[in-house]
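# Inside the fold
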Amino acid sequence: MSIFSQYFERYLASRRRRSLFRRQVILESLSRSKRAVRLSGTLNRRLVEQARSDLPGLLEQLGTSPQGLTQPQADALREKYGLNEVEHERPVPWWQHLWLSYKNPFNLLLTLLAAVSYLTHDIQAAIVICCMVFLATLIRFVQERRSSRAAQVLKEQVSNTVSVKRPVDPTDDAPKAQSRHRADDPIEIPIKQLVPGDIVVLSAGDMIPADCRILTATDLFLSQSAMTGESLPVEKFSVAGPESDSALAMNNLVFMGTNVISGVATAVVLSTGNETYFGTLATRVSLALTDAEANAFQLGINKVSWLLIRFALVMVPLVLFINGFTKGNWPEAFLFALSVAVGLTPEMLPMIVTSTLARGAVVLSRKQVIVKRLDAIQTFGAMDVLCTDKTGTLTQDKIALARHIDVDGQESDEVLGFAYLNSHFQTGLKNLLDRAVLEHVELKTELNIARNYRKIDEIPFDFERRRMSVVVSEREDHHELICKGAAEEMFDVCSHVYCNGQTYVLDTNWHASSEIALRQLNESGLRVVAVAMKEIPPEQLRYSKADESGLTLMGYIAFLDPPKESTAPALEALAAHGVTVKVLTGDNELVAAEVCRQVGLIVGGMVLGTQIDAMDDETLADSVERNTIFARLSPLNKERIVRSLRGNGHVVGFMGDGINDAAGLRAADIGISVDSAVDIAKEAADIILLERSLMVLEEGVIEGRKTFNNMLKYIRMTASSNFGNVFSVVIASVALPFLPMLPLQLLVQNMLYDISQIAIPFDSVDTEQVSQPLTWDPDGIGRFMLFFGPLSSIFDLVTFAVMWYVFNAHTVEHQALFQSGWFVVGLLTQTLIVHIIRTPKVAFIESRASTPLMAMTLIVMAIGVFLPMGPMAEYFKLQALPWPYFFWLVSIVLGYVVLTSLMKRYYIRRFGWQ
């Protein structure tokens, strides 16, 4: 493996190691690789025993009860077991981070040169080189440590929570304890504070926070595909199920890292952190990360690295053989070739990238955008398609109940009453529609719910049925199954309609009139939910989806979800910055179209989920380009649309907050969610918005592009200037009887140049450079390198001629003078070129670098002149330059600046600037 390959592999590996949000990546990697996942014998036996043991005995063993742990008990157990964190999610220790900061090809080669200098009794050179290693390591360590701390602080602002039962401690001050919460109400705590023995309450959208045993469950379905490879949801019960020696086969066990698709449950926590199935697995699957699907940022880095690898494979051996054959000193030629290899390696790239991304993350945090994964910032800037839900994004995050009508279109308090009972008694995820209904608190008193109604059972919502039901006992006389859901799906389970006190068969006439009424409501921008019910004898105690049949349609509740005032200008701004917005919604297509009309989003076409189901991949790839609204979508539809857009070459962002959005969030290049989203959506997202607004997104896109521009500056400038230097080295190696520059001098020059780039993350970016999406273009970088690199070689040849003919530095005895002259010219031209090619505008006149970058440039240039002229010259085998040299120096540098500026204009006209 080449020095470049090793370097970039280590770089990418180190970035993966530092990610705190890789839980799903590990599990999905295992699923994709089809590796069998087996529990260790001890853990498997313990989980199987806990699954089969009688419940009272298990609770006693865990020191808990069906009511849960008190706060003092939980605190004591947390002291014993620690936080509910898996080892790999913890930050890298400082000493390990320091080692990683040292362990790169640049430092390793310097260490080798220091050892050679020491063994050849050149103690001064060895000391100088060691100081260089220390300085390079310290700069990277400090910068990356500060960046990682900043990122960690931001990530801690967004944390998933879990509902746990916390009974009032009888020894606690009763009034104070009661004021905190009712004894039977669960409370929300951060997942990391969970301890064995806690009783958790699970509902749709929740991540399973630890390994647990189910106590009660109602239609509980989990996604375990990432863990077991099983694509279909798995139903869980409160009983162990079939005889098996595998804990994974137990019907009453759920595992950390999986998530609830539908249903509700309570469960007791068996183990947390490293003692969970996931925790034991994570220590053994580090290599699984290498199988993870790379995002646009990682693919770009890989392409650029292979470009440099190919170039190095040609240039480094060429330098080695030319110097070896012409000079006859193969050990020195070998060290010089290694120095050239390091010169071609952008060794400061990890520090520059991390610092740039961290600075971008801090800036975004001030704009209410929290970055969970730093490299998502660059993808944010590259995004050219944004797929977004309608509710709460285009529209206000506050839905109001506008109408409650019967099937004849007349206002009906009875319909509202049934809807209120349904929303009040459901224990699953309460969405915005439920909250709007429950705002009619007066109904709780009017219906006298506490006295007249008692909940019997519940049939949770799922995205296949698109409805949910509760069963209540009214005055212990009969049971009422009250169902609400999407109107189209509700027609399938209704056999009658109720209107004006009479019940009628739901025939084609009623069906047609109902569809007309629904269409009118939808076209006015109202979201419509149908409400139905049926009476059932009180003997039945358990209910399932099969009971949702033969219902009587009572009427509709319609919700107003008005557009945000900021939506129209935000969409206009996104379009101006080259981002196409597509609306992906599970809602009705007419409602979506009306909302898009209100916010000024031009609709290119509309596709329904049923149509997508019938499309093959090729047809879908064409459809996603031509259409704007995708309505009545299932979670699988959303994922297919996102993958199809990515397959067409787009960098896709997906914004969602619901259970049905998790697949789309994972499939996108960048997943965007909100702080109020369900756990599984926040876990899958790369970026969390504290303010649910497209204006915030537009600001994030601009900041992402600024970050990308600054990273691209470093890669472009380093690649082109290093290429020019190496090209000059090859020419000089053929023509000169000595090395054009000693290995140590070449490395010092390279390090000083890299230090001058430390301020790049803080550089300003021209407005024109953030107007359109930016993507990695390895061919463009290669072209840029080949175009601008040789320009510096022209002036290097001029410098060679001046040193050879003007100052007579053409013998081995005068090689120090020659090397000193080229050292200064090379460093100054390399450093100044930063300001010329950092912008497509005229440098210093139309666009000026930031103050930090300007200051670093001046400091490094001063150091470059001081080294051969000062007392440290002999340490670096340099020689004081005669004063006439500086006249030539100014002329060469000015000539280089002018020619590069002129060639830049030609390059922009010919190839553009990105």
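Residues numbered from 1 in each chain as written. Predicted model: local features only at pLDDT ≥ 70, side-chain atom pairs only at ≥ 80, totals over all residues. Heavy atoms only, no water.

## With respect to the overall build of the chain
Counting its secondary structure elements, the chain contains 34 helices and 23 strands. Looking at the 914 residues of the chain, the share that counts as buried comes to 59%. Within the chain, residue pairs in contact and separated by at least 24 positions form 76% of the contacts whose partners lie at least 6 positions apart. (Helix = DSSP H or I, 4+ residues; strand = E, 2+ residues; numbered from the N terminus. Buried < 20%, exposed > 50% of the residue type's maximum accessible area, 1.4 Å probe, protein only. Contact = heavy atoms within 4.5 Å.)

## Focus: unusual backbone geometry
Even without being glycine, Asn-500 reaches a positive phi, approximately 55 degrees. Within the element layout of this structure, Asn-500 appears in the loop between β14 (494-499) and β15 (502-505). One non-glycine residue with positive phi stands out, namely Lys-877, at about 60 degrees.

## Some details on the sheet that holds strand β9 (residues 385-388)
Pairing between the strands of a sheet is mediated by backbone hydrogen bonds and can be parallel or antiparallel. The sheet built from eight strands is open, its strands ordered β8-β23-β22-β21-β9-β18-β20-β19 with mixed pairing. Unpaired on one side and paired on the other, β8 (369-371) and β19 (606-608) mark the two borders of the sheet. The average angle at which neighbouring strand axes cross in this sheet is 20 degrees, direction not considered. Bridge count between β9 and strand β21 (residues 652-655): four bridges; the pairing is parallel. Considered in β21, the bridge of Thr-388 is made with Met-655. Packed onto the sheet, helix α23 (residues 589-599) meets β18 (580-584), β19 and β20 (629-631) and runs at close to 150 degrees relative to β20. (Pairing = 2+ DSSP bridges. Axes fitted to C-alpha atoms, helices over the stretch in contact; angles between N-to-C directions.)

## Section: the nonpolar core
Ranked by internal contacts, the top residues of the largest apolar core, which has 89 residues, are Val-748, Phe-823, Ile-837, Tyr-885 and Leu-889. Counting residues per element, this core draws most heavily on helix α32 (residues 815-837), at 13 residues. Not counting residues up to four positions away in its chain, the partners in contact with Ile-837 are Met-717, Ser-720, Phe-784, Phe-788, Thr-900 and Trp-913. (Core = buried A, V, L, I, M, F, W, Y, C linked by side-chain atoms within 4.5 Å.)

## Side note on helix α34 (residues 884-911)
Helix length check: α34, at 28 residues, gives a terminal C-alpha distance of 40 Å against a target of 40 Å (1.5 Å per residue), a fit within 8%. Among the residues making up α34, those that are buried are Tyr-885, Phe-886, Leu-889, Ile-892, Val-893, Tyr-896, Thr-900, Lys-904 and Tyr-907. Contacts made by the buried residues of α34 are with α31 (778-806), α32 and α33 (851-869). Positioned one or two residues after α34, Gly-912 has a phi angle of 85 degrees, which is positive. (Expected span 1.5 Å × (residues − 1).)

## Re the pattern of salt bridges
Applying the stated criterion across every chain yields a total of 21 salt bridges. For Glu-488, the salt bridge goes to Arg-632, with nearest N and O atoms at 3.1 Å. Pair noted here: Glu-488 is in helix α20 (residues 487-493) and Arg-632 is in the loop between β20 and α26 (635-647), with a separation of 144 residues, a long-range link. Taking the relative accessible area as the measure of exposure, Glu-488 reaches 29% and is therefore partly exposed. On the basis of relative accessibility, which here comes to 29%, the residue Arg-632 falls in the partly exposed class. (Salt bridge = Lys/Arg side-chain N within 4 Å of Asp/Glu carboxyl O.)

## So, the packing of aromatic side chains
Inspection of the entire model under this criterion finds 21 aromatic pairs. Measuring from ring centre to ring centre gives 5.1 Å for Phe-800 and Trp-822, while their planes differ by 75 degrees; the resulting arrangement is edge-to-face. Of this pair, Phe-800 sits in helix α31 while Trp-822 is found in helix α32, placing the two residues 22 residues apart along the sequence. For the pair Phe-800 and Trp-822, one class covers both residues: buried. Members of the aromatic cluster, connected to one another through ring pairs, are Phe-784, Phe-787, Phe-788, Tyr-906, Tyr-907 and Phe-911. (Phe/Tyr/Trp six-rings, centres within 6.5 Å; stacked < 30°, edge-to-face > 60°.)

## Here we look at the pairing of strand β1 (residues 161-164)
Judged from the four bridges that link them, β1 and strand β2 (residues 187-190) form a sheet pairing that is antiparallel. Its bridge partner being in β2, Ser-163 is matched across the sheet by Glu-188. The pairing of β1 with strand β3 (residues 199-203) spans two bridges and is antiparallel. What sits directly across from Ser-163, in β3, is Val-201.

## Quick word on the environment of Phe-762
With respect to the helices and strands, Phe-762 occurs in the loop between α30 (743-756) and α31. Sequence-wise, Phe-762 and Arg-359 are 403 residues apart; in three dimensions their C-alpha atoms are separated by 7.9 Å. With sequence-adjacent residues up to four places away left out, Phe-762 is seen in contact with Arg-359, Ser-850 and Pro-852.

## A word on the side chain of Asp-686
With respect to the helices and strands, Asp-686 occurs in the loop between α28 (679-684) and β23 (687-689). Of the residues examined, Asp-686 reaches a relative accessible area of 10% and is grouped as buried. What Asp-686 contacts, discounting residues up to four positions off in sequence, is Ile-370, Val-371, Lys-372, Arg-373, Ala-376, Asp-669, Ile-670 and Gly-671.

## As for the pairing of β14
Where β14 lies against strand β17 (residues 551-560), three bridges are found, and the strand directions are parallel. Looking at β17, one finds that Cys-494 is bridged to Leu-551. In this structure, β14 lies alongside β15, joined through four bridges in antiparallel fashion. Along β15, the bridge assignment pairs Cys-499 with Gln-502. Between β14 and β15, which pair antiparallel one after the other, the connecting turn spans two residues, and Asn-500 there sits at a positive phi close to 55 degrees.

## Concerning the packing of α31 against α34
The contact between α31 and α34 brings their axes to 11 Å, and the two run at 160 degrees. Considering their axes alone, α31 and α34 lie roughly antiparallel with respect to each other. Considering how the two elements wind past one another, α31 and α34 form a crossing that is right-handed. (Parallel < 35°, antiparallel > 145°, perpendicular 65-115°, else oblique. Left-handed = near helix turned anticlockwise from the far one by under 90°.)

## What about the side chain of Ser-756?
Within the secondary structure layout, Ser-756 lies in helix α30. By relative accessible area, Ser-756 is classed as buried at 1%. Within polar-contact distance, the side chain of Ser-756 engages the backbone oxygen of Tyr-753 at 2.4 Å. If sequence neighbours within four positions are ignored, Ser-756 has contacts with Thr-831, Leu-853, Met-856 and Val-860. (Polar contact = N/O pair within 3.5 Å; in protein donor to acceptor, adjacent residues only side chain to side chain.)

## Let's talk about the confidence of the model for the chain
Summing up the model confidence of the chain, the mean pLDDT is 81 and the portion of residues at 70 or higher is 85%. Mean pLDDT across the secondary structure elements of the chain bottoms out at helix α1 (residues 3-18), with 38, and peaks at helix α25 (residues 617-626), with 94. The low-confidence segment residues 1-39 (pLDDT under 50) makes 110 contacts with residues lying over four places distant or belonging to another chain. Note that residues 284-292 has pLDDT below 50 and, in this model, 19 contacts with residues that lie over four places away or in other chains. (pLDDT = per-residue confidence, 0-100.)

## A closer look at the environment of Val-264
Mapped onto the elements, Val-264 comes out in strand β7 (residues 259-271). Judged by relative accessible area, which is 9%, Val-264 ranks as buried. Along the backbone, Val-264 and Ser-203 are 61 residues apart, and their C-alpha atoms lie at a distance of 4.5 Å.

## Some words on a nonpolar patch on the surface
On the surface, a cluster of nonpolar side chains totalling about 450 Å² of accessible area is made up of Tyr-118, Leu-119, Ile-123 and Ile-127. Among the secondary structure elements, those contributing two or more residues to the nonpolar patch are α7 (105-119) and α8 (123-155). Secondary-structure assignment places Ile-127 in helix α8. (Patch = residues over 30% accessible without salt bridge, like charges linked within 9 Å, V, L, I, M, F, W, Y side chains within 5 Å. Areas by Shrake-Rupley, 256 points an atom, 1.4 Å probe, with all protein chains shown as cover.)

## Here we look at the environment of Ser-673
With respect to the helices and strands, Ser-673 occurs in strand β22 (residues 670-674). The class of Ser-673 is buried, set by a relative accessible area of 0%. Taking the C-alpha atoms as reference, Ser-673 lies 6.4 Å from Ile-687; in sequence the two are 14 residues apart. Not counting the four nearest positions on each side in its chain, Ser-673 is found in contact with Gly-656, Asp-657, Ala-681, Lys-682, Ala-685, Ile-687, Ile-688 and Leu-689.

## Section: the state of the cysteines
Under the criterion given, the structure shown has zero disulfides. Cys-483 takes part in no disulfide bond, and the closest cysteine sulfur, belonging to Cys-494, lies 7.3 Å away. (Disulfide = S-S within 2.5 Å.)

## Description of the packing of helix α29 (residues 694-735) against α31
For the pair α29 and α31, the least separation of the axes is 7 Å and the interaxial angle reads 45 degrees. Regarding the angle of α29 to α31, the classification is oblique. As α29 packs across α31, the resulting crossing turns out to be right-handed. In this structure, α29 contributes Leu-712, Ile-715, Arg-716, Ala-719, Ser-720, Phe-723, Gly-724, Asn-725, Phe-727, Ser-728, Ile-731 and Ala-732 to the contact, and α31 contributes Ile-781, Phe-784, Met-785, Leu-786, Phe-788, Gly-789, Pro-790, Ser-792, Ser-793, Asp-796, Leu-797 and Phe-800. Across the contact of α29 with α31, the residue classes tally to 15 nonpolar, seven polar and two charged. (Nonpolar A, V, L, I, M, F, W, Y, C, P; charged D, E, K, R; others polar.)

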